[in-house]
Amino acid sequence: MRSNITLKFILVLPLIMSATCLAQESNPQAPEKSQLKISLPGDKPEIEIRKLQVEPLIERFIMDELKALRQDLANTRVEMIREITDRELSVAQGVSNVANNTVMFFFYVFAALSAVFAVWGWRSMQDLKNSVREASELEISRLSREYEKRLTSLEKELHSKGEIILENQREIERTQNIHALWLQANQTPDPRAKIEIYDKILELSPGDQETMAYKADAALLLGDRDWALSLCNRILTDNPESSAALYQRACAYAGLGNHDAAISDLKLALELSPTLKERLPEEEEFTILAGNSDFENLINHADQQD
């Protein structure tokens, strides 16, 4: 059963990845992380319309697959409990049958022996009766201990599998909640509201670097460059090669007037993720760098690489 669940999850994962690729192919000029995109009044409306048409279908597809997977897990758990219950009943019935057969077997054997012993005067009937009783009790005790060990092992296995199913169910619920919060953040234009949603995501997934990068972007929209700089530094402490954090920190440095640091971070970000150069003309924080020779050379160098 567990292999069936794993197989279904493996089958669903490529579908989710394929759906994501379709969403990216529908807008090839968009950056890799479309959530970081800052829409300006001059953006073309047909691009936004196309995104609104494609994204709900992808989201609906992913939610349906997750719902089906969750239902399969629930059905598997019910089937497992039913199978284990039937197995326990079968084991108990087997123990009872074996005990009855053992008692009857020893009874007939010792009955025959006692007849022989009675004829030859080897033992009295009382001695044979006691011997039969003791032998039967010993055999029944041995069988009981053996099947008790088997039942204990079966209960431990059931408990372990139940824990795995519950953990998978909690993980699916957490993923669904995070996905719903991301959808809510994408549909919210207010940066403060976005930050509140990102905080909720971080409660479900502490230390998520992508969420912190989005939070830094929202902080820049509010004009709080120091806060955005602090968030980017926290990300880069754990992952110095985070292109999103380097890009956001470059924006914060540019707004704070530290042009050299901004150009240095921007250069590293473009080396790690060349597609970020498409956002440079639309980035408001870099307007202050217009006319800066190092900034112009960086843009020209990126264009020449293409």
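Residues numbered from 1 in each chain as written. Predicted model: local features only at pLDDT ≥ 70, side-chain atom pairs only at ≥ 80, totals over all residues. Heavy atoms only, no water.

## Considerations on the packing of aromatic side chains
Which entries qualify depends on this criterion: Each pair of aromatic rings taken from Phe, Tyr and Trp, with Trp reduced to its six-membered ring, is defined by centres within 6.5 Å and is described as stacked if the planes are under 30 degrees apart, edge-to-face if over 60, and tilted in the remaining cases. For the purposes of this entry, the term helix denotes a DSSP run of H or I that reaches at least four residues, the term strand denotes a run of E that reaches at least two, and both are numbered from the N terminus. Only lysine NZ and arginine CZ atoms are considered, and such an atom sits over a ring when it is within 6 Å of the ring centre and within 35 degrees of the ring normal.
Counted by the stated rule, this structure contains three aromatic pairs. Measuring from ring centre to ring centre gives 6.0 Å for Tyr 198 and Tyr 214, while their planes differ by 45°; the resulting arrangement is tilted. Pair noted here: Tyr 198 is in helix H4 (residues 191-204) and Tyr 214 is in helix H5 (residues 209-221), with a separation of 16 residues, a long-range link. In textbook terms, an aromatic cluster arises when at least three aromatic residues are bridged by ring pairs, as seen for Trp 182, Tyr 198 and Tyr 214. Taking the ring centre of Tyr 147 as reference, the NZ or CZ of Arg 150 above it sits at 5.0 Å.

## Some points on the packing of H4 against H5
Our working rule: Lines fitted to C-alpha atoms define the axes, with helix axes restricted to the stretch in contact, and inter-axis angles between N-to-C directions lie between 0 and 180 degrees. Reported orientations rely on four angle classes, namely roughly parallel under 35 degrees, roughly antiparallel over 145, roughly perpendicular from 65 to 115, and oblique for the rest. By the definition used in this description, the sense in which the near helix is turned from the far one sets the handedness, with an anticlockwise turn below a right angle giving left-handed and a clockwise turn giving right-handed. Whether two residues are in contact is decided by their heavy atoms: any pair within 4.5 Å suffices. Only Asp, Glu, Lys and Arg are considered charged, only Ala, Val, Leu, Ile, Met, Phe, Trp, Tyr, Cys and Pro nonpolar, and every remaining residue, Gly among them, polar.
Running from N to C, H4 and H5 cross one another at 160°; their axes reach a closest spacing of 9 Å. Judged by the angle between their axes, H4 and H5 are roughly antiparallel. Seen from above, H4 lies across H5 with left-handed handedness. Contacts between H4 and H5 pair Pro 191, Lys 194, Ile 195, Tyr 198, Asp 199, Ile 201 and Leu 202 from the former with Thr 211, Met 212, Tyr 214, Lys 215, Ala 218, Ala 219 and Leu 221 from the latter. Considering only residue class, the contact of H4 with H5 consists of 10 nonpolar, one polar and three charged.

## Focus on the pattern of salt bridges
Oppositely charged side chains are able to pair whenever their charged atoms sit close together. What counts, and what does not: In the sections that follow, a salt bridge refers to a side-chain nitrogen of Lys or Arg positioned within 4 Å of a carboxyl oxygen of Asp or Glu. For every residue, the accessible area (1.4 Å probe, protein chains only) is compared with the maximum for its type, and the residue is labelled buried under 20%, exposed over 50%, or partly exposed between those bounds.
Applying the stated criterion to the full structure yields 11 salt bridges. Of the charged contacts in the structure, one is a salt bridge between Glu 173 and Arg 70, with a shortest N-O distance of 2.8 Å. Of this pair, Glu 173 sits in helix H3 (residues 125-186) while Arg 70 sits in helix H2 (residues 45-120), and the two are 103 residues apart along the sequence. Taking relative accessible area as the criterion, Glu 173 reaches 28% and is therefore assigned partly exposed. Classification of Arg 70 as partly exposed rests on a relative accessible area of 31%. Across the salt bridge formed by Glu 146 and Arg 142, the nearest N and O atoms sit 3.6 Å from each other. One end of the pair, Glu 146, and the other, Arg 142, are both in helix H3, four residues apart, so they sit about a helical turn from each other. The network of salt bridges with common partners includes Glu 139, Arg 142, Glu 146 and Arg 150.

## Regarding the environment of Ser 243
Relative to the elements of secondary structure, Ser 243 occurs in helix H7 (residues 243-256). Excluding anything up to four places from it in sequence, Ser 243 contacts Ala 269, Leu 272, Ser 273 and Leu 276.

## Quick notes on the nonpolar core
Worth spelling out the cut-off: We call a set of buried Ala, Val, Leu, Ile, Met, Phe, Trp, Tyr and Cys residues a nonpolar core when their side-chain atoms join them within 4.5 Å.
In this structure, Tyr 247, Leu 266, Leu 270, Leu 280, Phe 286, Leu 289 and Phe 295 are the most contacted members of the largest nonpolar core, which totals 33 residues. The set of elements that each furnish at least two residues to this core consists of H5, helix H6 (225-238), H7, helix H8 (259-272) and helix H9 (293-305). Top element by residues in this core is H7. It accounts for nine residues. Among all residues touching Leu 280, those that are not within four sequence positions of it are Tyr 247, Leu 266, Leu 270, Phe 286 and Ile 299. By size, the runner-up hydrophobic cluster in this structure holds 10 residues, among which are Ile 178, Ile 195, Ile 197 and Tyr 214.

## Some words on the packing of H6 against H7
Where H6 meets H7, the closest approach of the two axes is 9 Å, and the angle between their N-to-C directions is 150°. Relative to H7, H6 is oriented roughly antiparallel. Between H6 and H7 lies a crossing of left-handed hand. From H6, Arg 225, Asp 226, Leu 229, Cys 232, Asn 233, Ile 235 and Leu 236 reach across to H7, where they touch Ala 245, Leu 246, Gln 248, Arg 249, Ala 252, Tyr 253, Gly 255 and Leu 256. Within the contact of H6 with H7, the residues separate by chemical class into nine nonpolar, three polar and three charged.

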